[in-house]
Amino acid sequence: MAKVFIGTGRRKTSVAQVKMTAGTGKITVNGVDVNEFMPYATNVMDLKQPLVATNNENTFDIEVKVTGGGASGQTGAIRLGITRALLEYDKANESNEDSYRKILKKAGFVTRDSRVKERKKPGLKAARRAPQFSKR
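In what follows, the accompanying structure is described. (Residues numbered from 1 in each chain as written. Predicted model: local features only at pLDDT ≥ 70, side-chain atom pairs only at ≥ 80, totals over all residues. Heavy atoms only, no water.)

**What to know about unusual backbone geometry**
Our working definition: Segments assigned H or I by DSSP are reported as helices when at least four residues long, segments assigned E as strands when at least two residues long, and all are numbered from the N terminus.
In this structure, Asn-30 is a non-glycine residue whose phi angle is positive, near 50°. One can find Asn-30 in the loop between β3 (27–29) and β4 (32–33). The phi dihedral of Asn-55 is positive, around 55°, even though this residue is not glycine. Along the chain, Asn-55 turns up in the loop between α3 (49–53) and β5 (60–67).

In structure tokens:
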């Protein structure tokens, strides 16, 4: 049986569970091909960045379960999940000069983007948007 590498990614309100196995580069999101699931080609390109940076576009088959949020948040969650799965795959090689960790960290893929929507405050129309001021 093939070895499975797992990574969990989060972004905004999205959570992605990524399973990575040796294969031909096929990416499946919620049982559907990634190109059908994602609304824009830029989103697909964005989530493949860790694979491109480490020259693994056609090395692994990736199966993703993603919930919550919109297209952008889900893309970011999947990207972080793929990054974490790649780090798990390359765990033994961590101290080397050409380790995936060094490559992915330099590109900024290892860090979780913690920005989330700010809550609405009482007396305001949104998080910081005050009602329109009327002098008279």
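**Brief notes about the packing of helix α4 (residues 71–89) against helix α5 (residues 100–107)**
For clarity, the cut-off: Axis angles are defined between N-to-C directions and span 0 to 180 degrees, where every axis is a line fitted to C-alpha atoms and, for a helix, only to the segment in contact. Working rule for angles: under 35 degrees goes down as roughly parallel, over 145 as roughly antiparallel, 65 to 115 as roughly perpendicular, anything else as oblique. The criterion used for residue contact is that any of the two residues' heavy atoms lie within 4.5 Å. When residue character is reported, Ala, Val, Leu, Ile, Met, Phe, Trp, Tyr, Cys and Pro are called nonpolar, Asp, Glu, Lys and Arg charged, and the others, Gly included, polar.
The interhelical angle for the contact between α4 and α5, taken along N-to-C directions, is 155°, at an axis separation of 9 Å. Here α5 runs roughly antiparallel to α4, going by the angle between their axes. Counting all contacts with α4, which are made through Thr-83, Leu-86, Leu-87 and Tyr-89, the residues of α5 involved are Tyr-100, Arg-101 and Leu-104. Class assignment for the residues of the contact of α4 with α5 results in 5 nonpolar, 1 polar and 1 charged.

**Let's talk about the sheet that holds β4**
In plain terms, the rule: A pair of strands is treated as paired once DSSP finds two or more bridges between them.
Reading across the sheet, the 5 strands line up as β1-β2-β5-β3-β4 and stay open at both edges, with mixed pairing between neighbours. With partners counted over all chains shown, the strands left at the sheet margins are β1 (5–11) and β4, one partner each. Pairing of β3 with β4 involves 2 bridges; the strand directions are antiparallel. When the sheet's bridge partners are listed, Thr-28 is paired in β4 with Asp-33.

**Comments concerning the pairing of β5**
We count it as follows: Any residue under 20% of the maximum accessible area for its type is buried, any over 50% is exposed, and the rest in between are partly exposed; the area is computed with a 1.4 Å probe on protein chains only.
Burial of the side chains of β5 is restricted to one face: Phe-60, Ile-62, Val-64 and Val-66 are buried, whereas none of Asp-61, Glu-63, Lys-65 and Thr-67 on the reverse face is. Sheet topology note: the strand β2 (residues 14–22)/β5 ladder contains 8 bridges and is antiparallel. Each bridged residue has a counterpart across the sheet, and for Ala-16 the counterpart in β5 is Val-66. One ladder, built from 3 bridges, connects β3 with β5; its direction is parallel. Residue pairing for β5: Val-29 is matched across the bridge by Val-64.

**Considering the packing of aromatic side chains**
In plain terms, the rule: The pairing test for Phe, Tyr and Trp rings, Trp by its six-membered ring, is centres within 6.5 Å, and the orientation test on the planes gives stacked under 30 degrees, edge-to-face over 60, and tilted for anything in between.
This model, assessed by the stated rule, comprises 3 aromatic pairs. A ring pair is formed by Phe-60 and Tyr-89, whose centres lie 4.9 Å apart and whose planes are at 80°; its orientation type is edge-to-face. Here Phe-60, found in strand β5, pairs with Tyr-89, found in helix α4; they are 29 residues apart in sequence, far enough to count as distant. The exposure class of Phe-60 is buried, given its relative accessible area of 4%. Each member of the aromatic cluster is reached from another via a ring pair, and the members are Phe-5, Phe-60, Tyr-89 and Tyr-100.

**Details of the side chain of Thr-54**
Just so we agree on the cut-off: Whenever a nitrogen or oxygen atom comes within 3.5 Å of another N or O atom, the pair is scored as a polar contact, on the condition that within protein one atom can donate a hydrogen and the other can accept it, and that pairs from neighbouring residues in sequence are kept only if both atoms are in side chains.
Within the element layout of this structure, Thr-54 appears in the loop between α3 and β5. A polar atom in the side chain of Thr-54 sits 3.0 Å from the side chain of Asn-56. If we ignore the near neighbours within four places in the chain, the residues touching Thr-54 are Leu-86, Tyr-100, Ile-103 and Leu-104.

**Considerations on the pattern of salt bridges**
Where we set the bar: Any Lys or Arg side-chain nitrogen located within 4 Å of an Asp or Glu carboxyl oxygen qualifies as a salt bridge.
Counted according to the given criterion, the structure contains 5 salt bridges. Two residues, Asp-46 and Arg-79, come together in a salt bridge whose shortest N-O distance is 2.9 Å. Highlighted residues: Asp-46 in helix α2 (residues 41–47) and Arg-79 in helix α4, separated in sequence by 33 residues. Taking relative accessible area as the criterion, Asp-46 reaches 25% and is therefore assigned partly exposed. Residue classification places Arg-79 among the partly exposed residues on the basis of a relative accessible area of 22%. Between Glu-118 and Arg-128 there is a salt bridge whose closest N-O contact spans 3.1 Å. Linking Glu-118 in the segment after α5 with Arg-128 in the segment after α5, this pair joins segments that are 10 residues apart in sequence. Arg-128 gets classed as exposed once you look at its relative accessible area, which sits at 66%. The network of salt bridges with common partners includes Arg-11, Asp-113 and Arg-115.

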